[in-house]
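Below are the chains, spelled out letter by letter.
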2 protein chains.
Amino acid sequence: MVAPPFPPTDVSLHAVTDTEAVPIADPSISLVEQIKLRRVKKGPFVAGIAAKTDSENFKDQEKNKDRPAAKRWGDLLTLESRSRKPSSLKAAAKFLAQEGLISLGGGLPSSDYFPFENIGAKVPTIGEFSEEETRVTGQEMTIGKHDVKEGKSVFDLSIALNYGQGTGSAQMLRWVTEHTEIVHDPPYKDWSCVLTPGSSYPLEQVYRMFGNRGDYVLYEEFTFATAVETAFPLGLRPCGVKVDAEGLLPSDLDEILSNWDEKARGAKKPVLLYTVPSGQNPTGATQSESRRREVYSVCQKHNLLIIEDEPYFFLQMDPYGETASAPTTNTEQFLKSLVPSLLSMDVDGRVIRLDSFSKVIAPGSRMGWVVASAEITERITRHNENSVQNPSGIAQVLMHRLLDETWGHEGYFEWLGYIRKEYTRRRNVILKACETYLAPLNGVATWVPPMAGMFLWIQIHPPAGCEDENDLQKIEQKIFDECINEKVLLTPGSWFMAEGKEQLKKNGKLFFRATYAAASEEAMVTAIERFSGALRSVFEIRG
Amino acid sequence: MVAPPFPPTDVSLHAVTDTEAVPIADPSISLVEQIKLRRVKKGPFVAGIAAKTDSENFKDQEKNKDRPAAKRWGDLLTLESRSRKPSSLKAAAKFLAQEGLISLGGGLPSSDYFPFENIGAKVPTIGEFSEEETRVTGQEMTIGKHDVKEGKSVFDLSIALNYGQGTGSAQMLRWVTEHTEIVHDPPYKDWSCVLTPGSSYPLEQVYRMFGNRGDYVLYEEFTFATAVETAFPLGLRPCGVKVDAEGLLPSDLDEILSNWDEKARGAKKPVLLYTVPSGQNPTGATQSESRRREVYSVCQKHNLLIIEDEPYFFLQMDPYGETASAPTTNTEQFLKSLVPSLLSMDVDGRVIRLDSFSKVIAPGSRMGWVVASAEITERITRHNENSVQNPSGIAQVLMHRLLDETWGHEGYFEWLGYIRKEYTRRRNVILKACETYLAPLNGVATWVPPMAGMFLWIQIHPPAGCEDENDLQKIEQKIFDECINEKVLLTPGSWFMAEGKEQLKKNGKLFFRATYAAASEEAMVTAIERFSGALRSVFEIRG
């Protein structure tokens, strides 16, 4: 048996290349079907221990060949990112393919000593996704140590539990690449995926790639607090862009950038925009397709890189107020019902999309992926090789067995359809509670029904003449304290202000964020009732 | 049902505190037994979703209370590290403990939507660890979604698959803290653990905590190439310290630091030493206990922080040449047979120990932990909160079920005893092959039997008068090329030089690294035979 190869950064055991493609597709064949045909045409998928891999192996080369290449971003790279080099040990990788060569050159341990004969899970059968149904009709998946050798699968523990590559496993990379093609079909040639251990880490990586200490980064004015907190120690400063009910305002983005005063700001014009276009945290806002095109257009004008963070993309719900329909089992219909991503309109290759399984499978998977131009993903891969390596092999092989070999792409979209129904139901419950308990408060509390995500953003309008009328920070604190008295907790909006809580004075708008993601229906209704009690108390509303 | 709490950085669902301790231990009770008693005394372990945790909850407070506190390192922190702040959302955490409070404040999804009814694995029964035995007598572990609620375990999927804390789960943190106490018993008060996704990432984190662009970091002159490559983009420069058969030379370390010329070097005196004291990669050297004390002493003299990277600590093998004994099933004996770590003699709290499951369980677990002073681990935790979060929950819960609830500490040490026997056997095979094929080559190839790890470091002594006698780089390349001809691959030693391959000219020593970790016995013997063939060819050795 040939000795194992080098450490993961320098192995090319079985090159998985795709130099052929399915001819221009028959439009009556869905994308998913095309991908199945492409797989068949390529023949057996072989990717052993630490197999080198690349999205190019899995894309529709025929479709891509006439598309424009991405713009180049090398000029914007920080010194740190520019300095990253491939592993020195890679040089030996090419010899490993030689017939009969025995390598004692590597540092990979033997799978003999991985104390797992198999790893398995009981997962929902397609179409029977609830916890209760899974208990009864769920199916058992079992991943053995040597399934590949035994012809049972393309991925097993002997591979997944060993070192991998900075891209992630070829097996999961194939799946996410195909998924990206099905859902977004990025309109440029050299788009590429790389697996990540969640989305917070690649965000930090991108900051380190393009942000120098003192630079500004653009955010929605209310934003995911962690995104700003991650930037802060790196010396990156937040610049908030106004939002409305549909999210980021392109006019404000344009104005900020057109009037950027380097001297006054003490920094060059920003190059990075961080946005959460679907079910934004905390505002719950979802940018419509036309809004996204406007945003993209402004980004083109000012040549921004767009960090498109989309953990809630698939939590796009049925419109509020309409009769709930049965979950769609048709992939094409499901995809049509989604607002298209910025990636799907990214002709320049300026979007760095962060995708994640956290909100649609489980946060504990610690798995996601980045989609960006190959120039960018290559830098991320080099960094992974010297830091996180790749997501846990245990998680990768379980997720692959579920998403690829058990559900497949279509089953996964059906699962997402189920999740959408669940979130729709929950959102409807909380909105009904708001109508019951908040609507009667004479306009003190207003809200826009969210169409995606897990957050409801309730705006508070202090009545004219109320105590401390002009001190929103004080009012916000009073409401928060009174909520605690009433035994309910919502998060004050000022905690999400990109430029800090102190902006509340200037900003002039008071909000509270509530989630409908997890509490029981009963608890949600009670919580909103208590919230209304707190508002009544603070603003002395009777009746 | 109370709504789930805040995002992971701000939750304190169930404080797990230990304000009592087992009285001063009866010396006849082993450390492992003491720990079991301590657990019993504390009562039921409760740590729910994203439970805040700390090693302090699991240490022997009685034993620690009179120990000195660690030195303080805050002055050495980089601006980036100093700038890290706790999450702003933490402020609300204290309210969550209130009886009857409903929180809609958080962002954690519901476990209803994690598509795993259970996850399981078949693992070896204690004492029957081989792959073959496991197939027959291995035991099934099954982790359900609600095992905690159902009283079956302290950890389940509803917790492990949700968000966690930057420390890692309380369940695994308890295990690694106890393990650290049993094995190393750090001799200062405020030592602390934090889980990491492997060891490469915390290494980068520590570089970013204490290294400013332009600084030097000290390494063994031949070192783990990745450690230098990780430092390079951060602008950190390697300074190599001479080694002998026992590893790092304290006299050379002292000399380099005593004579550090800031002006000539263009940088201040280094504060970081990176060392791999057991089964060093690539030299296979293991520092004896007395060597470690000398190294520590020099580090005290020059006030260095010591990054003790120990992936091979438990691959300490039986001495070469002695009759193999049966695996030790006695924990105390097993631990006594190990060379003590730098951590175990770390009275100052200057050691930052990187521990990993990669070489003793599986690289794909992507799990390890750091042991350092609480001042240091707190900074790492803050960084985790804004980057990797914590190791995959899937991996954490599987590893916990195996290491804590199936094998326990004693079973794990028995497993390590099995691994040691396996590595001993493999090492013996390759050494025998060297005796057979390399010893007859008139002293051209020499080696020191490694006592730990997975690497054999073969020194090449070009015969006097051989071609290119004074050009070691050329000779090294010739040997490498001839090896490829002979269809064998060993890694040239210059690839591991801390200060770069070009040092080979100055350094004057030629090495090749071979691993005995993974190839079959037959392949290893053949490989060494081929290697000898290559040497015979290059140096025209007959007979």
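Residues numbered from 1 in each chain as written. Chains lettered and ligands numbered in written order. Predicted model: local features only at pLDDT ≥ 70, side-chain atom pairs only at ≥ 80, totals over all residues. Heavy atoms only, no water.

Side note on the overall build of chain A
- In terms of regular secondary structure, chain A is built from 18 helices and 17 strands.
- The C-alpha atoms of chain A give 25 Å as radius of gyration, which agrees with the globular expectation for 543 residues (24 Å, within 12%).
- Referenced to the eigenvectors of the C-alpha coordinate spread, the extents of chain A come out at roughly 85 × 65 × 50 Å.
- Residue burial in chain A is summarised as follows: out of 543 residues, 66% are buried.
- Put simply, 75% of the contacts in chain A that link residues at least 6 apart link residues at least 24 apart.
- Total accessible area on chain A stands at roughly 18600 Å², and carbon and sulfur atoms take up 51% of it.
- In chain A, 61 positive and 73 negative side-chain charges are present, and the distance between their average locations comes to 4 Å. (Helix = DSSP H or I, 4+ residues; strand = E, 2+ residues; numbered from the N terminus. Rg over C-alpha atoms; globule rule 2.2 N^0.38 Å. Buried < 20%, exposed > 50% of the residue type's maximum accessible area, 1.4 Å probe, protein only. Contact = heavy atoms within 4.5 Å. Areas by Shrake-Rupley, 256 points an atom, 1.4 Å probe, with all protein chains shown as cover. Lys, Arg positive; Asp, Glu negative; His and termini not counted. Charge placed at Lys NZ, Arg CZ, Asp CG, Glu CD.)

A short note on the sheet that holds strand β14 (residues 455-460) of chain A
All names here are of chain A.
- Strand order across the open sheet formed by four strands is β13-β14-β17-β16, with antiparallel pairing between neighbours. Each edge of the sheet is formed by a strand with only one pairing partner; in this case those strands are β13 (445-447) and β16 (491-492).
- Relative to strand β17 (residues 510-515), β14 runs antiparallel, the two being bridged by six bridges. The residue of β17 that forms the bridge with Trp457 is Arg513.
- Across the sheet, helix α18 (residues 521-539) touches β13, β14 and β17, and the angle it forms with β14 is around 15 degrees. (Pairing = 2+ DSSP bridges. Axes fitted to C-alpha atoms, helices over the stretch in contact; angles between N-to-C directions.)

Considering the interface of chain B and chain A
- Taken together, the contact between chain B and chain A spans 122 residues of the former and 121 residues of the latter.
- Regarding the contact of chain B and chain A, the summed buried area is about 9600 Å², with carbon and sulfur atoms giving 61% of it.
- For the chain B face of the interface with chain A, the top three residues by lost area are Leu104, Tyr113 and Leu489 of chain B, together amounting to 9%.
- Where chain B touches chain A, the interface holds eight salt bridges.
- As a salt-bridge pair, Arg84 of chain A and Glu204 of chain B come within 3.8 Å of each other at their nearest N and O atoms.
- For the interface between chain B and chain A, the tally reads 51 residue pairs in polar contact (both at pLDDT 80 or more).
- When residues of the side of chain B that touches chain A are assigned to their parent elements, the largest contribution, eight residues, is made by helix α15 (residues 408-437) of chain B.
- Taken together, the residues of the side of chain B that touches chain A break down into 66 nonpolar, 32 polar and 24 charged. (Buried area = accessible area lost by both parts, 1.4 Å probe. Salt bridge = Lys/Arg side-chain N within 4 Å of Asp/Glu carboxyl O. Polar contact = N/O pair within 3.5 Å; in protein donor to acceptor, adjacent residues only side chain to side chain. Nonpolar A, V, L, I, M, F, W, Y, C, P; charged D, E, K, R; others polar.)

Concerning the relation of the copies chain B and chain A
- When chain B is fitted to chain A, the best match, at an RMSD of 0.0 Å, comes from turning it 180 degrees and sliding it 0.0 Å along the axis. Seen this way, the second copy is the image of the first under a two-fold rotation axis. Closest approach to the rotation axis within chain B is made by the C-alpha atom of Gly120 of chain B, at a distance of 2.5 Å. (Least-squares fit on C-alpha atoms with pLDDT ≥ 70 in both.)

Topic: helix α13 (residues 374-385) of chain A
All names here are of chain A.
- Across its 12 residues, α13 extends 16 Å between first and last C-alpha, which sits within 8% of the 16 Å expected from 1.5 Å per residue.
- Of all 12 residues in α13, 10 are buried, a share of seventy percent or more.
- Among the residues of α13, those classed as buried are Glu375, Ile376, Thr377, Arg379, Ile380, Thr381, Arg382, His383, Asn384 and Glu385. (Expected span 1.5 Å × (residues − 1).)

Re the pairing of strand β4 (residues 191-196) of chain B
Residues and elements named next belong to chain B.
- Taken across its six residues, β4 has six buried, putting it largely inside the fold.
- Side chains Trp191, Cys193 and Leu195 project from β4 onto one buried face, and the interleaved Ser192, Val194 and Thr196 project onto a second face that is buried too.
- Alignment of β4 against strand β12 (residues 368-373), held across six bridges, turns out to be antiparallel. Following the sheet pairing, Cys193 is matched in β12 by Val371.

Quick look at the domain arrangement of chain A
All names here are of chain A.
- One can read the domain layout of chain A as domain 1 (31-164 + 399-406), domain 2 (170-393) and domain 3 (424-539).
- The interface is formed by 46 residues belonging to domain 1 together with 46 residues belonging to domain 2.
- Counting the surface lost from both domain 1 and domain 2, the interface buries some 4400 Å², and carbon and sulfur atoms represent 57% of this.
- In terms of surface lost to domain 2, no three residues of domain 1 exceed Trp73, Arg84 and Met399, which account for 16% of the buried area on that side.
- One can count seven salt bridges joining domain 1 with domain 2. (Domains from an automatic or database assignment.)

Describing the sheet that holds strand β14 (residues 455-460) of chain B
- Taken in spatial order, the four strands line up as β13-β14-β17-β16 (chain B) in an open sheet, and their pairing is antiparallel. The sheet is open, and its two borders are formed by β13 (445-447) and β16 (491-492) of chain B, each paired with just one other strand.

Things to note about the pattern of salt bridges
- Under the counting rule described, the total for this entry stands at 83 salt bridges over all chains.
- Across the pair Glu310 of chain B and Arg292 of chain B runs a salt bridge whose closest N-O atoms are separated by 3.6 Å. With a gap of 18 residues between them, Glu310 of chain B in the loop between β10 (305-309) and α12 (331-336) and Arg292 of chain B in helix α11 (residues 289-301) connect regions that are remote in the sequence.
- A residue is classified by how much of its surface remains accessible, and Arg292 of chain B, at 0% relative accessible area, is buried.
- The partner of Asp318 of chain B in a salt bridge is Lys421 of chain B, and the shortest N-O contact between them spans 2.5 Å. Taken together, the residues span a long stretch of sequence, with Asp318 of chain B in the loop between β10 and α12 and Lys421 of chain B in helix α15 at a distance of 103 residues.
- Within the structure, one salt-bridge network assembled from shared partners comprises Arg38, Asp60, Lys63, Arg67, Glu181 and Asp185 of chain A.

Looking at the environment of Glu414 of chain A
Residues and elements named next belong to chain A.
- The topology assignment puts Glu414 in helix α15 (residues 408-437).
- Linking Glu414 and Gly144, residues 270 residues apart in sequence, is a C-alpha distance of 27 Å.
- Beyond its immediate chain neighbours, meaning those up to four positions away, Glu414 contacts Ile126, Gly127, Phe129 and Thr329.

Comments concerning α15 of chain B
- Between its first and last C-alpha atoms α15 of chain B spans 44 Å; for 30 residues at 1.5 Å apiece the expected length is 44 Å, and the two agree.
- Counting buried residues along α15 of chain B, 22 of its 30 residues qualify, which places the element largely inside the surrounding structure.

Examining the environment of Ser258 of chain B
Residues and elements named next belong to chain B.
- Looking at the element boundaries, Ser258 is found in helix α9 (residues 250-258).
- According to the relative accessible area criterion, Ser258 is partly exposed, its value standing at 41%.
- In this structure, the C-alpha to C-alpha distance between Ser258 and Ala527, residues 269 residues apart in sequence, is 44 Å.
- Not counting residues within four places of it along the chain, the set of residues in contact with Ser258 comprises Lys301 and His302.

Regarding the pairing of strand β2 (residues 118-123) of chain A
- Taking burial as the measure, the six residues of β2 of chain A include six buried ones, the bulk of the element.
- A two-sided burial pattern is seen for β2 of chain A, the buried positions comprising Asn118, Gly120 and Lys122 of chain A on one face and Ile119, Ala121 and Val123 of chain A on the other.
- With six bridges joining them, β2 of chain A and strand β3 (residues 139-144) of chain A adopt antiparallel strand pairing. Residue pairing for β3 of chain A: Ile119 of chain A is matched across the bridge by Ile143 of chain A.
- Note that β2 of chain A and strand β2 (residues 118-123) of chain B share five bridges and pair antiparallel. Its bridge partner lying in β2 of chain B, Lys122 of chain A is registered against Asn118 of chain B.

Some remarks on unusual backbone geometry
All names here are of chain A.
- In this model, Asn281 is joined to Pro282 through a cis peptide bond whose omega is 10 degrees.
- For Pro282, the position within the fold is in the loop between β9 (272-275) and α11 (289-301).
- Phi at Glu540 is positive, roughly 50 degrees, even though this residue is not glycine.
- Within the secondary structure layout, Glu540 lies in the segment after α18.

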